[in-house]
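So the chains spell out like this:
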Amino acid sequence: MGKKLHLISLGCTKNLVDSEVMLGALKEYENTQDIAEADVVIVNTCGFIEAAKQESVQTILNALESKKEGAILVASGCLSERYAKELKEEIPEIDIITGVGDYDKIDIMLQSHKKGKEICQSQKGVFLLNENTKRVISGSTIHAYIKLSEGCNQKCSFCAIPSFKGKLHSRTLESTLKEVQNLVKQGFRDFSFISQDSSSYMRDLGVKDGLVALIKAIDELAKKGLEIQSARILYLYPATTSKDLIKAICDSPIFQNYFDMPLQHSSKKVLKIMQRSGEFLKLLEAMRATPNSFVRTSFIIGHPGEGEEEFAELCAFIQHYRFDRMNLFGFSCEEGTKSALLEQIPQKIINARLKAMNRIFAKQYKAGLKDLVGKEVVAIVEGKSTESEYFYSARDMRFAPEIDGEILINDSKIEGDLKTGYYRVKITEVAGENVLGCVLGRI
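Presented here is an overview of the structure given in this document.

**What to know about the environment of Lys216**
Here comes step 1: Relative to the assigned elements, Lys216 resides in helix 8 (residues 210-223).
Here comes step 2: Along the primary structure Lys216 and Ile94 are separated by 122 residues, whereas in three dimensions their C-alpha atoms are 46 Å apart.

Here is the structure:
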């Protein structure tokens, strides 16, 4: 009987890539969705904010209860990096605790554990894959994430990431392009490029406009026959995003006019306390001026220094600008950050402000969905929807997987089953928050 593995990946898509590296290192294991069958259970944790830390700890505890006797439990990732000692003391039943520096060595750690070695470690530095790293893409046969860099040179007062992931560490352009080429050979056609601060890509290597160079290089490869059809970039930072970058995205036949720029606030007073740039209005105007643009952002509600006036300013800003998608986070007081030393806003006030902000965006979101009815889009069909076996799941080619929404295909002008790929889709109806569409033809 073969060995079985159950892996739980928490947190962001950057964490997902690291989980895929562990799957690649453990290819001899059969993946199972039933934790009770697994010989090895891995929880790749998130430790970004308090809610994520609580979810990670609870997931580990649940895994302890559900795994079979003798199965090895591994806690990896950001929470393990930040709190390895505390995890070992509070949950001694964890067999292996490892941080963010050695995902590709998980097979070696399992072998060492079986020989009786205790493993509770956090590497100095972080692991950054290259084109030769073994990796098993999960969740899709057409889309893959490409991690550009690790760490971050920004000094946001609320963020603990640099304290355990360190400074910006970019992979080379050559390495990134080779990975894309390798994945295209495997049949992947759609890519999302990610990192903590994607717009700073290669600045640590002395290249100011690394993303522009990447976009132009991929466009050139596509001209020469590389079968890549679409791509987008996530996590742009205001201070390192340029008009040249926006133009490069706009001019690219491959990269979608997708702009994901977490702003965190609109009040210059609060942004100064956050130690973030407040000079982004011209960038937003340039993004919106781009044809068929899609703009996503995130805001932190209740950061120290956000009074009623600053919150009202943020509400007015959101009502005026009307983002396509938005993430809202209540401020999380993270130990070791400058924001944690400031006078905190009561949680009751933060919760009330979150509800008010959610109401504003919910109206905008529903109006945006209604505006889609009757329009034709290019969409990627991935397979049957989890909503129902009677629907196919698709997404607008501009959209990132999971976070930007799903188009439920309930009608088609094409006979037979729909295969994974690119289609012309007409949006026919919005039912609640479900967008329904009809396939008109394959591209």
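What follows picks up the thread again.
**As for helix 2 (residues 50-66)**
Here comes step 1: With 17 residues, helix 2 should reach 24 Å at 1.5 Å per residue; the first-to-last C-alpha distance of 24 Å fits that figure.
Here comes step 2: Listed in full, the buried residues belonging to helix 2 are Ala52, Lys53, Ser56, Thr59, Ile60 and Ala63. One face of helix 2 carries all of its buried residues, which in axial projection span an arc of 125 degrees. Those residues of helix 2 that are exposed and angled more than 90 degrees off the buried face are Ala51, Gln54 and Glu65.

**Quick word on the side chain of Arg135**
Here comes step 1: Within the element layout of this structure, Arg135 appears in the loop between strand 6 (119-121) and strand 7 (143-147).
Here comes step 2: Of the residues examined, Arg135 reaches a relative accessible area of 14% and is grouped as buried.
Here comes step 3: For Arg135, the side chain forms a polar contact with the side chain of Glu20, separated by 2.8 Å.
Here comes step 4: One polar contact links Arg135 to Glu179, side chain to side chain, over a distance of 2.7 Å.
Here comes step 5: If we ignore the near neighbours within four places in the chain, the residues touching Arg135 are Val17, Glu20, Val21, Gly24, Leu129, Tyr145, Ile146, Glu179 and Leu183.

**Observations concerning the environment of Glu118**
Here comes step 1: Take Glu118: it is sitting in the loop between helix 5 (106-114) and strand 6.
Here comes step 2: Expressed as a C-alpha distance, the spacing of Glu118 and Ile97, which sit 21 residues apart in the sequence, is 9.2 Å.

**A short note on the sheet that holds strand 18 (residues 421-431)**
Here comes step 1: Here we have five strands rolled up into a closed barrel, ordered 15-16-17-19-18, and mixed in their pairing. Within this sheet the neighbouring strands show an average axis-to-axis angle of 55 degrees, counted without direction.
Here comes step 2: Of the strand pairs in this sheet, strand 17 (residues 407-412) and strand 19 (residues 434-442) are connected by five bridges, and their pairing is parallel. Within the sheet, the bridge partner assigned to Ile407 lies in strand 19 and is Val435.

**Some remarks on the side chain of Ser192**
Here comes step 1: Mapped onto the secondary structure, Ser192 falls in strand 10 (residues 190-194).
Here comes step 2: The buried category is assigned to Ser192, whose relative accessible area is 0%.
Here comes step 3: For Ser192, the side chain forms a polar contact with the side chain of His143, separated by 2.9 Å.
Here comes step 4: Within polar-contact distance, the side chain of Ser192 engages the side chain of Arg232 at 3.0 Å.
Here comes step 5: Those residues in contact with Ser192 that lie beyond four places of it in its chain are His143, Ala144, Tyr145, Ile146, Arg232, Leu234 and Pro401.

**Looking at the pairing of strand 4 (residues 72-77)**
Here comes step 1: Counting buried positions along strand 4 yields six of six residues, so the element is predominantly enclosed.
Here comes step 2: Taken together, the six bridges between strand 3 (residues 40-45) and strand 4 define a ladder with parallel strand orientation. Bridge pairing in strand 4 places Asn44 opposite Ser76.
Here comes step 3: Regarding topology, helix 2 serves as the crossover connection from strand 3 to the parallel strand 4, and that connection is right-handed.
Here comes step 4: Bridge count between strand 4 and strand 5 (residues 96-98): two bridges; the pairing is parallel. By the bridge assignment, Ala75 is partnered in strand 5 with Ile97.

What counts as what
Residues numbered from 1 in each chain as written. Predicted model: local features only at pLDDT ≥ 70, side-chain atom pairs only at ≥ 80, totals over all residues. Heavy atoms only, no water. Helix = DSSP H or I, 4+ residues; strand = E, 2+ residues; numbered from the N terminus. Expected span 1.5 Å × (residues − 1). Buried < 20%, exposed > 50% of the residue type's maximum accessible area, 1.4 Å probe, protein only. Arc of directions from axis to C-beta. Polar contact = N/O pair within 3.5 Å; in protein donor to acceptor, adjacent residues only side chain to side chain. Contact = heavy atoms within 4.5 Å. Pairing = 2+ DSSP bridges. Axes fitted to C-alpha atoms, helices over the stretch in contact; angles between N-to-C directions. Right-handed = clockwise from strand over helix to strand, strands pointing away.

These figures come from the coordinates and say nothing about function on their own.
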